[in-house]
Amino acid sequence: METSPSDRIARSVAQRFAGDRRLLTFDDLLAEFSADPYLLVRNAEQYMRDVIEHGGSYAVPGIGGEVTRWRLFDGAPADGVAALIGQEEAQRDVVETISAAAREGRLDRMIVLHGPNGSGKSSLVELLQWGLELYSHQPDGALYALRWIFPRTAPEGTGLGFGGARAADDEPDSYALLEPEHVAARIVCELRCNPLFVVPDSERPALLESALERRPQRRSESFRHYLDSNLCPRCKQIYEALLSAYHGDWRRVVRHVQVERIFISRRFRSGAVVTQPQGTADAQLRMVSGDGGLAGLPAHLQSLPLFEVVGDLADANRGVLEFSDFLKRNLELSKYLLQTTEKGFVTVGNLLLDLDVVFLATANERHLEAFKQLPEFASFQARMAFVRVPYLRETGKEVAVYRSIAAEMARSRHVGPHIAETCALFAVLTRLHQPQQEHYPPHVHGLVHELTPLEKALLYAEGRVPDRLDGTNARELRSLVPRLRDEYRHTTWYEGRVGASVREMRAALMQAAVRDDAACVSPSALLAELRDMISDPSLYRFLQVEAQGTYHDAAALLRAATHELGVWILADVQQAMALVPEGEYDRRFDTYFQHVVAKIQGSLVRDPNTGRREPADARLLESVERLLPITGDVDTYRSDLVSRIGAHALDHPDEQPIDFRKLFPDLHRAMRRNFFEDRRGLVEKVQRHVLLYGSASFDDLGADDRAVAARTMENLTAETPGYCAHCAKDAVQIALDHLRDEVSEGSSA
Ligand SMILES: [Zn+2]
Ligand SMILES: [Zn+2]
């Protein structure tokens, strides 16, 4: 059946509205409470823990092993909510702090996210607020707030009706669902009081106990908030007034309670508030002036001095309040806010206001450092839970930022391959510290001392050890990764505290796109831009960090990034020459291991061409081994490989067939490198021909040479690797320079 768009929208809105159950009577709410007491009386910390757990978590690679990532921090990129990139340690610290507070039933500290500028502190908070908002629309995330309803007609003799009208005989059990024309006045609690606080605190333990008997699995939760907290002063005032008007008949008081489902909203500053340093972040009293609603109040209540609480603390109640750049505020205000966090209430006028808020703050590392120098710091410290948010040290994660910028730039001009990767690598290199020998056992002093920034970055990113190391040292270094990762952890000079920020790298990348001398965003345009960037140390803080060896030596780091870029580009160019058919190295590499296993175990290998089972092929073994870095006896080398394969198979029984390229990445690289080393002259010749491509001298080349150069060019400009005619030549020049540098490095070593 055909339905119009407006029909569909109307139906969907109606379904959502019904599903949301926006308005309830107090009895409805009590029934829900009996079914599951926890969901309706959890506090802001418990709610936030549930938000985080609602999205769940999964494992991702980290430095030296897997780490947990919470889905909440992945955002929803399709809806314009960007993910928090990396920062799994900070995620863990925040989640642990909040979970501990949720178990405890109360968080008496402010969570202070600190780190260098632009490290993702605010994104982390934004995602928490976004998650809160999203969850508040879920069935399990329903939050309810209190409103007071006064009908046009009220029971006789109470003075609670408007205009003294008489009550009908069929007085309803609740005014919550009265049609608007029967409502004389409505008071909305701006603090969004939990309607269940209308139950007197003396009655709450028994009510809770009977609900928990039906739902014993909730006994592990803390109900401290429900048992200890109270209605806000104004709701309390109304409650008392009603109770006295009804001569203590509580049943009649709760008729006035309307339960409204509320939603967290950053836009409307409801339960999710960010305050800037210049803001006051406070709560104030304001007399409720006689606007519309109040004039309809029953005479009895009109005589009460009604006031409301306004300000950030009120807006954030039942949610989260972020103090942006917390330590930029004056000291007295910081002190006051920290005390408020600790106590969990504020005094407004002569009234006590219970707060139900998670307090979060962000602070720049330098401000924090200055703050720590204050004599008062010791007394503040206990009121803060510090979470460090450093710059990333993993290129594989850092690259995501630049990939999205590059994708954006690619709409208007060509962006060459490896651009984002080079930015990420350079940025990470500027952030790494040199390992200090004295932090390690003597037998690895040489190993850690010789580790270059590039090697450290690759070790962090993919657990890759330098090819220059032999097996024993490679294993040793791999086992040192957690130590390297944590070496500076407990110092204020932690790794990721200084270095190029994402913001600075982004600016350089944008600048590379508009260089006069570049036809596209080519690798060489980016390198030129980075050279400009580091030429004036006064412009960037990270250029002022004292060098330790080549660590924090920007020129040396840029050379290292250029070197690695050369490796990537050379691999593209070699691949594009198609000297061997696609996939041939990989096939030979895999076949080699099948034959080694057969050789050592004395078994047979199935020949894929004939289907016959044959003994290991000695010629094949030797041809590959020529390309591998074998020192010492070949038989020992082969047995060692076979036992590593055996051990891997035991650890990974489901991996069938074994991925040899993943198991021996260093050998795979070595084989490839040596294969081309053998053909170096040819590779260089083809590269020089490609550079001539399109010029007059290209026509002077022989037909075969022209064909190889043209094929290389064509392959380079295919979708993968994705060069354009301009940056393909650029890349070939970088590859040639790279080969030349390798020769000069080799001869000087
Ligand atoms: Zn209230
Ligand atoms: Zn290009």
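Scroll up a little and you will see the structure.
Residues numbered from 1 in each chain as written. Chains lettered and ligands numbered in written order. Predicted model: local features only at pLDDT ≥ 70, side-chain atom pairs only at ≥ 80, totals over all residues. Heavy atoms only, no water.

K.L.:
Is there a simple way to think about the sheet that holds strand 11 (residues 319–323) in this case?
P.N.:
With respect to topology, five strands assemble into an open sheet ordered 8-11-14-4-15, the strand pairing being parallel. Edge positions in the open sheet fall to strand 8 (272–275) and strand 15 (384–388), since each of these has one partner strand only. Averaged over all adjacent pairs, the angle separating strand axes in this sheet is 20 degrees, with direction ignored. Strand direction decides the pairing type here: strand 4 (residues 110–115) and strand 15, joined by five bridges, are parallel. Note that in strand 15 the partner of methionine 110 across the bridge is methionine 384. Strands strand 4, strand 14 (357–364) and strand 15 of the sheet are contacted by helix 15 (residues 365–372), whose axis makes an angle of about 100 degrees with strand 14. (Pairing = 2+ DSSP bridges. Helix = DSSP H or I, 4+ residues; strand = E, 2+ residues; numbered from the N terminus. Axes fitted to C-alpha atoms, helices over the stretch in contact; angles between N-to-C directions. Contact = heavy atoms within 4.5 Å.)

K.L.:
Quick question: what am I supposed to make of empty space enclosed by the protein here?
P.N.:
Remark: the empty space left among the atoms is shown by a probe the size of a water molecule rolled over them. Evaluation of the coordinates by the stated rule reveals three cavities of 30 Å³ or more. Along its surface, the largest cavity is lined by 16 residues, and Phe197, Asn230, Asn317, Asp354 and Asp356 are the ones closest to its centre. Broken down by class, the residue content of the lining of the largest cavity amounts to seven nonpolar, five polar and four charged. Space inside the second largest cavity adds up to approximately 50 Å³. As for the second largest cavity, its lining consists of Leu29, Leu39, Leu40, Ala142, Leu143, Tyr144, Asn194, Pro195 and Arg318. Mapped onto the lining of the second largest cavity, the elements with two or more residues apiece are helix 3 (37–41) and strand 5 (143–151). Classifying every residue of the lining of the second largest cavity gives seven nonpolar, one polar and one charged. (1 Å grid on protein atoms, 1.4 Å probe; cavity = no way out; pocket = protein on both sides within 12 Å on 5 of 7 lines; lining within 4 Å. Points joined across faces, edges and corners; volume = space filled by probe spheres on them. Nonpolar A, V, L, I, M, F, W, Y, C, P; charged D, E, K, R; others polar.)

K.L.:
What exactly am I supposed to notice about the coordination of the zinc ion (ligand 1) here?
P.N.:
Six octahedral donors around a metal ideally sit at 90 or 180 degrees from one another, while four tetrahedral donors ideally sit at 109.5 degrees. The protein atoms donating to the zinc ion (ligand 1) are Cys189 (SG), Cys193 (SG), Cys232 (SG) and Cys235 (SG), with metal-donor distances spanning 2.2 to 2.3 Å. For the zinc ion (ligand 1), the single-chain donor residues occur in sequence as C-x3-C-x38-C-x2-C. Given the relative accessible area of 7%, cysteine 232 is considered buried. (Donors = N, O, S within 2.8 Å, 3.2 Å for Na, K, Ca; no water. Buried < 20%, exposed > 50% of the residue type's maximum accessible area, 1.4 Å probe, protein only.)

K.L.:
What is the right way to read the coordination of the zinc ion (ligand 2) from this model?
P.N.:
Around the zinc ion (ligand 2), the protein contributes the donor atoms His414 (ND1), Cys520 (SG), Cys724 (SG) and Cys727 (SG), at 2.1 to 2.4 Å from the metal centre. Around the zinc ion (ligand 2) sit four donor atoms; with metal-centred angles ranging over 100 to 120 degrees, the donor geometry is tetrahedral. Each donor residue of the zinc ion (ligand 2) belongs to the same chain, with the gaps between them written as H-x105-C-x203-C-x2-C. Here cysteine 520, found in the loop between helix 23 (502–513) and helix 24 (523–533), pairs with cysteine 727, found in helix 33 (residues 725–748); they are 207 residues apart in sequence, far enough to count as distant. Accessibility expressed as a relative area gives 2% for cysteine 520, which makes it buried. A relative accessible area of 0% places cysteine 727 in the buried class. (Tetrahedral: all angles 85-135°; square planar, octahedral: opposite > 155°, others 65-115°.)

K.L.:
So what exactly am I meant to see when it comes to the pattern of salt bridges here?
P.N.:
Oppositely charged side chains are able to pair whenever their charged atoms sit close together. Per the counting criterion, the structure on display carries 50 salt bridges. The salt bridge involving arginine 464 is made with glutamate 462; its shortest N-O contact spans 3.5 Å. Taking the shortest distance from any N to any O, the salt bridge between glutamate 529 and arginine 515 comes out at 2.8 Å. Of this pair, glutamate 529 sits in helix 24 while arginine 515 sits in the loop between helix 23 and helix 24, and the two are 14 residues apart along the sequence. Of the residues examined, glutamate 529 reaches a relative accessible area of 9% and is grouped as buried. Several salt bridges converge on common partners, so that one network encompasses Arg69, Asp74, Glu88, Glu394 and Lys397. (Salt bridge = Lys/Arg side-chain N within 4 Å of Asp/Glu carboxyl O.)

K.L.:
Hey, could you run me through the side chain of threonine 712 in this one?
P.N.:
Looking at the secondary structure, you find threonine 712 in helix 32 (residues 703–716). Within the local environment of threonine 712, its side chain forms a polar contact with the backbone oxygen of valine 708, the two atoms lying 2.8 Å apart. Look past the residues within four positions of threonine 712 in its chain and what remains in contact with it is Val573, Ala576, Met577, Val686 and Val690. (Polar contact = N/O pair within 3.5 Å; in protein donor to acceptor, adjacent residues only side chain to side chain.)

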